[in-house]
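Remarks on the overall topology
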Amino acid sequence: VVPHLQPFKDEYEKFSGAYVNNRIRTTKYTLLNFVPRNLFEQFHRAANLYFLFLVVLNWVPLVEAFQKEITMLPLVVVLTIIAIKDGLEDYRKYKIDK
């Protein structure tokens, strides 16, 4: 209830600042933390850690089996596709929350 009388309106504004809004937020990411948090979550999967290990191992000249860029390609493609999927899902949650 918002009173329309000026003396009560000032009192309402004074007390309404102390209350927290009840907005629901189900999203996992923000624009600032999307990349680091998404990479953190993706590297908790064993398959991604395995491919990262192969990429790092391929940078050692004694063990190098392929070109460095070719070894990185599958990992980068998988990480990009999963990041796009997670971003779209989170954006849909954001739109529903609004």
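Residues numbered from 1 in each chain as written. Predicted model: local features only at pLDDT ≥ 70, side-chain atom pairs only at ≥ 80, totals over all residues. Heavy atoms only, no water.

To keep things clear, this is the line we draw: UniProt positions are given in the numbering used here, feature names are shortened, and annotations may be inferred rather than shown by experiment.
In the nomenclature of an unreviewed UniProt entry, the protein is known as Putative phospholipid-transporting ATPase VD of Macaca mulatta. According to UniProt, the comment filed for the protein under the heading Subcellular location (unreviewed entry) is "Membrane".

Topic: the overall build of the protein
Counted only if it meets this: Secondary structure is summarised from DSSP: a helix means a run of H or I of at least four residues, a strand means a run of E of at least two, and numbering begins at the N terminus for each. Three labels apply to residues, based on accessible area from a 1.4 Å probe with only protein chains included: buried if under 20% of the type maximum, exposed if over 50%, partly exposed otherwise in between. Every residue pair with non-hydrogen atoms within 4.5 Å of one another is taken to be in contact.
Looking only at helices and strands, one finds four helices and zero strands in the protein. Evaluated residue by residue, the protein yields a buried proportion of 14% over its 98 residues. For the protein, the proportion of contacts with a sequence separation of at least 24, taken over those separated by at least 6, is 51%.

Notes on the side chain of Asn-38
Worth spelling out the cut-off: Whenever a nitrogen or oxygen atom comes within 3.5 Å of another N or O atom, the pair is scored as a polar contact, on the condition that within protein one atom can donate a hydrogen and the other can accept it, and that pairs from neighbouring residues in sequence are kept only if both atoms are in side chains.
With respect to the helices and strands, the residue Asn-38 is situated in helix α2 (residues 34-42). For Asn-38, a relative accessible area of 2% translates into the label buried. Side-chain polar atoms of Asn-38 contact the side chain of Gln-42, separated by 2.3 Å.

A word on the layout of surface pockets
Stated precisely, the cut-off is as follows: Cavities and pockets are found on a 1 Å grid laid over the protein atoms alone: a cavity is a set of points where a 1.4 Å probe fits but cannot escape, a pocket is an open set with protein on both sides within 12 Å along at least five of seven lines, and a lining residue has an atom within 4 Å of such a point. Grid points are joined across faces, edges and corners, and a volume is the space filled by probe spheres set on the points. Residues are grouped as follows: Ala, Val, Leu, Ile, Met, Phe, Trp, Tyr, Cys and Pro are nonpolar; Asp, Glu, Lys and Arg are charged; every other residue, Gly included, is polar.
Its boundaries defined by the atoms lining it, the largest pocket holds a volume of some 370 Å³. If you trace the largest pocket, you find 14 residues lining it, with Thr-27, Tyr-29, Thr-30, Asp-90 and Tyr-94 closest to the centre. The element contributing the most residues to the lining of the largest pocket is helix α4 (residues 68-97), with five residues. Looking at the lining of the largest pocket residue by residue, the class counts come to six nonpolar, three polar and five charged. Taken as a whole, the second largest pocket encloses approximately 190 Å³ of empty space. Of all the secondary structure elements, the ones that give two or more residues to the lining of the second largest pocket are α3 (46-58) and α4. Among the elements that line the lining of the second largest pocket, the one with the most residues is α3, at five residues. Here the residues of the lining of the second largest pocket sort into 10 nonpolar, two polar and no charged.

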